[in-house]
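Okay, here's what each chain looks like letter by letter:
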Amino acid sequence: MTTPRDDIGFDLPQIEPGWVWLTGAGPGDPGLLTLLALAGLKSADVIIYDALVSETILNAARPDVELIYAGKRGGKPSLKQPDISAKLVEQAKLGKKVLRLKGGDPFVFGRGGEEALALVEANIPFRLVPGVTAGIAGPAYAGIPVTHRDANHAVTFVTGHSAAGDVPDSVDWHAIAKTAPVIVLYMAMRHLGLITERLIAGGRDPQEPVALIAQATTADQKVVTTTLQGCSQSALVHEIKPPALVVIGKTVNLRDQLDWLRDLPDATRDTKPVGRQHPV
Ligand code: SAH
């Protein structure tokens, strides 16, 4: 069930014609959408969405909305980054109310900055709607606090993937190994073996606890706990496929006590799709 705007006790803004809302859709569970993201979905004429945005979320849009797929998965035709930016500019110039919907948060490994810069360059007014990033919500849904008193005073978010598809050269893995008590890796599945080798070479304990979290916050969420040394092999054995996160550090052990999702009654677990689905 959705909460109609009139029922929430305050009025939310709507997308204005000719504007773009660069919006985070959260990590998967539609219940983690922000109210502003929902207001964007309800008011958009056109939605340009990524692979990580679920059909259930798109189902909240107006029935006559135009949906444009800009993702990079699933064998569907997709747009390249400059084409996406150009599409945003084009649609806004047509006077449409444009929702650019991205997984998680647009400014966290989401290329939201690039798109925002393209809008600035083209003089298109925009609003940034932050989303719940997978690197925080994923561990939370696995019962893993990313910070915990006495365990860590910092948490480090790292991408395991450069624009070219390699392990990013600009990441100093030795420095991270030495200074980051809890590490959350995005986009790390392809190079997990190499990354863990570098962290261990940088002084990390091979037995350190690791959680692999795939499809976090969705009904298909899969969590495997393992060790730094064993995680690459565990990912293979348990068929952990992207989108997945890797959490490295002491707080992973708290999952033993804090796996709240395990005990949640089925009826209250998922946000369920209702009624019509958009043809995506
Ligand atoms: N802007 C997004 C991240 C995009 S990069 C955010 O803030 O969450 C894509 C990577 O995010 C994936 O490769 C994966 O590492 C992570 N990710 C996104 N959604 C996820 C999910 N539901 N479960 C696990 N990992 C996810």
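Since we're looking at a predicted model, the values are computed, not measured.

Parameters and conventions
Residues numbered from 1 in each chain as written. Predicted model: local features only at pLDDT ≥ 70, side-chain atom pairs only at ≥ 80, totals over all residues. Heavy atoms only, no water. Domains from an automatic or database assignment. Contact = heavy atoms within 4.5 Å. Buried area = accessible area lost by both parts, 1.4 Å probe. Salt bridge = Lys/Arg side-chain N within 4 Å of Asp/Glu carboxyl O. Polar contact = N/O pair within 3.5 Å; in protein donor to acceptor, adjacent residues only side chain to side chain. Nonpolar A, V, L, I, M, F, W, Y, C, P; charged D, E, K, R; others polar. Near = heavy atom within 4 Å. Areas by Shrake-Rupley, 256 points an atom, 1.4 Å probe, with all protein chains shown as cover. Core = buried A, V, L, I, M, F, W, Y, C linked by side-chain atoms within 4.5 Å. Buried < 20%, exposed > 50% of the residue type's maximum accessible area, 1.4 Å probe, protein only. Helix = DSSP H or I, 4+ residues; strand = E, 2+ residues; numbered from the N terminus. Pairing = 2+ DSSP bridges. Axes fitted to C-alpha atoms, helices over the stretch in contact; angles between N-to-C directions.

### Focus: the domain arrangement of the protein
Working step 1: Segmenting the protein into domains produces domain 1 (2-132) and domain 2 (135-263).
Working step 2: Distance from the C-alpha centre of domain 1 to the C-alpha centre of domain 2: 28 Å.
Working step 3: Domain 1 puts nine residues into the contact, and the matching count from domain 2 is 12 residues.
Working step 4: Taken over both partners, the interface formed by domain 1 and domain 2 buries close to 750 Å², and the fraction arising from carbon and sulfur atoms is 71%.
Working step 5: The tally of links from domain 1 across to domain 2 stands at zero salt bridges.
Working step 6: For the pair domain 1 and domain 2, the interface holds three residue pairs in polar contact (both at pLDDT 80 or more).
Working step 7: Classifying every residue of the side of domain 1 that touches domain 2 by side-chain character gives six nonpolar, one polar and two charged.

### Let's talk about the site of the ligand
Working step 1: In the neighbourhood of the ligand, 17 residues make up the surrounding shell, with Pro27, Val108, Thr133, Ala216 and Ala244 lying closest.
Working step 2: Contacts to the ligand include Ala134, whose backbone N or O atom sits 2.9 Å from an oxygen atom.
Working step 3: Here an oxygen atom of the ligand sits 2.7 Å away from a polar atom, N or O, in the main chain of Ala244.
Working step 4: For the ligand, the protein covers 94% of the area, taking 540 Å² as the surface of the free molecule.
Working step 5: Residue composition of the shell around the ligand, by class: 12 nonpolar, four polar and one charged.

### A word on the nonpolar core
Working step 1: Among the nonpolar cores identified, the biggest contains 25 residues, and Leu185, Leu199, Leu212 and Val246 are the most heavily contacted of them.
Working step 2: At the level of secondary structure, the elements contributing two or more residues to this core comprise α6 (173-179), β7 (182-186), α7 (192-201), β8 (209-214), α8 (231-237) and β10 (244-248).
Working step 3: Membership of the second largest hydrophobic core comes to 23 residues, among which are Val65, Tyr69, Leu99 and Val129.

### Re the pattern of salt bridges
Working step 1: Summed over the entire model, instances satisfying the criterion amount to 13 salt bridges.
Working step 2: With a shortest N-O distance of 3.1 Å, Arg62 and Asp64 are connected by a salt bridge.
Working step 3: Across the pair Glu208 and Arg204 runs a salt bridge, and its minimum N-O distance is 2.7 Å.
Working step 4: On the accessibility criterion, Arg204 (8% relative accessible area) is buried.
Working step 5: Through salt bridges with shared partners, one network takes in Asp50, Arg100, Lys102 and Glu115.

### Describing the sheet that holds strand β6 (residues 155-159)
Working step 1: Spatially, the five strands line up as an open sheet ordered β6-β7-β10-β8-β9, and their pairing is mixed. Each having just a single partner strand, β6 and β9 (222-227) make up the two edges of the open sheet. Between one strand axis and the next, the sheet turns through 20° on average, direction left out of account.
Working step 2: In terms of strand pairing, β8 meets β10 through five bridges, oriented antiparallel. Paired with Val210 across the bridge in β10 is Ile248.
Working step 3: With respect to the sheet, helix α5 (residues 134-141) is in contact with β6, β7, β8 and β10, its orientation differing from that of β10 by roughly 75°.

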